[in-house]
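Each chain, written out:
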Amino acid sequence: MMALVHSSFYVRNADGGLDSTPHTASAWGPEVQHGGPPSALLAGAVQALPEADGRVIGRITVELLGPIPVAPLTVSAQVVRPGRSVALAEAVLSAERPVARASVWLFPDAPSGLSAEQTVPAPGPAEADPRPFPPSWQSGYADATEWRWASGYVGIGRATAWIRPRVELVSGEPWSPIARLMTIVDSASGVSSALDPAEWGFLNTELTVHVLRPPVGEWICLDAKTTLSSGSVGLATSHVYDEQGLVARSAQALLMAKR
């Protein structure tokens, strides 16, 4: 595991925007961001809205409008469908032009009295396998996150991995549970990949996450599976856990192409 040059994925700049650090870089190149940190920024912008007070995110869909550059970004959010119980918000991430947007349903933050699913993949993060990535997977994001394998391993198909960030999302600002979740859950296609990124591209065009509850603790577990087809479309799905039980389910549409 390499030493970290920066302590965060982003740093706030004098203009109120966000400077991207090299830790945001994806497996596809040092100039293109992994989808996780930008998704966390979009979720955080919605959570900062006054209308989000007393509400939780029940579903978030992030549309990636193109490669997100490792460059200065701005993020904005608004409510597009207010309501007394549920509300629909949207957020936009820009790098001179819009590069990603999110559609977010907000639900009341109220207990239902129902029991939650308590099953957690084993082994947990303390006992899981901390094998490093193969060289073709090294990237800024991979170095800025810690991975431990409960089953399977990158490049062999369905797998289960515990992941946590090693840096802050924004320098000097604490993690929110949903930001941590969104930073990690976009990695489902990498956890469950059966293809070598040195030979194949499998970039997600979107990320949809149905959130049952905010996660607790540092570690997020992805029990992930990628389904391939004979065409250009793939699908990565995951069951998402913390150390107390199921917290979310995710899906990503993948563009499959020989590199």
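The structure we're discussing is the one just above.
Asker: Would you mind going over the side chain of T208 with me for this structure?
Answerer: Its location among the elements puts T208 in strand β13 (residues 206-211). For T208, the side chain forms a polar contact with the side chain of T61, separated by 3.2 Å.

Asker: Just to check I follow, could you spell out unusual backbone geometry for this structure?
Answerer: With the exception of glycine, the majority of residues adopt a negative phi angle, and the majority of peptide bonds are in the trans configuration. Cis peptide bonds are those with omega within 30 degrees of zero, and the linkage from A122 to P123 qualifies with 0°. Structurally, the position occupied by P123 is in the loop between β8 (98-108) and α2 (140-143).

Asker: Teacher, can you tell me more about the sheet that holds strand β1 (residues 8-12) here?
Answerer: Strand pairing in a sheet is mediated by backbone hydrogen bonds. Such pairs are either parallel or antiparallel. Taken in spatial order, the 3 strands of this open sheet run β2-β1-β11, and their pairing is mixed. Each of the sheet's edge strands pairs with one partner strand only, and the pair in question is β2 (18-20) and β11 (168-170). Going from strand to strand, the sheet's axes swing by 35° on average, the running direction of each strand aside. Pairing geometry for β1 and β2, over 3 bridges, is antiparallel. If you follow R12 over to β2, its bridge partner there is L18.

Asker: What am I meant to see in helix α1 (residues 36-47) here?
Answerer: For an α-helix, the turn length of 3.6 residues means that residues three or four places apart are oriented alike. Taking 1.5 Å per residue, 12 residues should reach 16 Å; α1 reaches 17 Å between its end C-alpha atoms and fits that length. With respect to burial, α1 is a largely interior element, 10 of its 12 residues being buried. Of the residues making up α1, those classed as buried are G36, P37, P38, S39, A40, L41, L42, A43, A45 and V46.

Rules of the game
- Residues numbered from 1 in each chain as written.
- Predicted model: local features only at pLDDT ≥ 70, side-chain atom pairs only at ≥ 80, totals over all residues.
- Heavy atoms only, no water.
- Helix = DSSP H or I, 4+ residues; strand = E, 2+ residues; numbered from the N terminus.
- Polar contact = N/O pair within 3.5 Å; in protein donor to acceptor, adjacent residues only side chain to side chain.
- Pairing = 2+ DSSP bridges.
- Axes fitted to C-alpha atoms, helices over the stretch in contact; angles between N-to-C directions.
- Expected span 1.5 Å × (residues − 1).
- Buried < 20%, exposed > 50% of the residue type's maximum accessible area, 1.4 Å probe, protein only.

On their own, these measurements won't tell you what the molecule is for.
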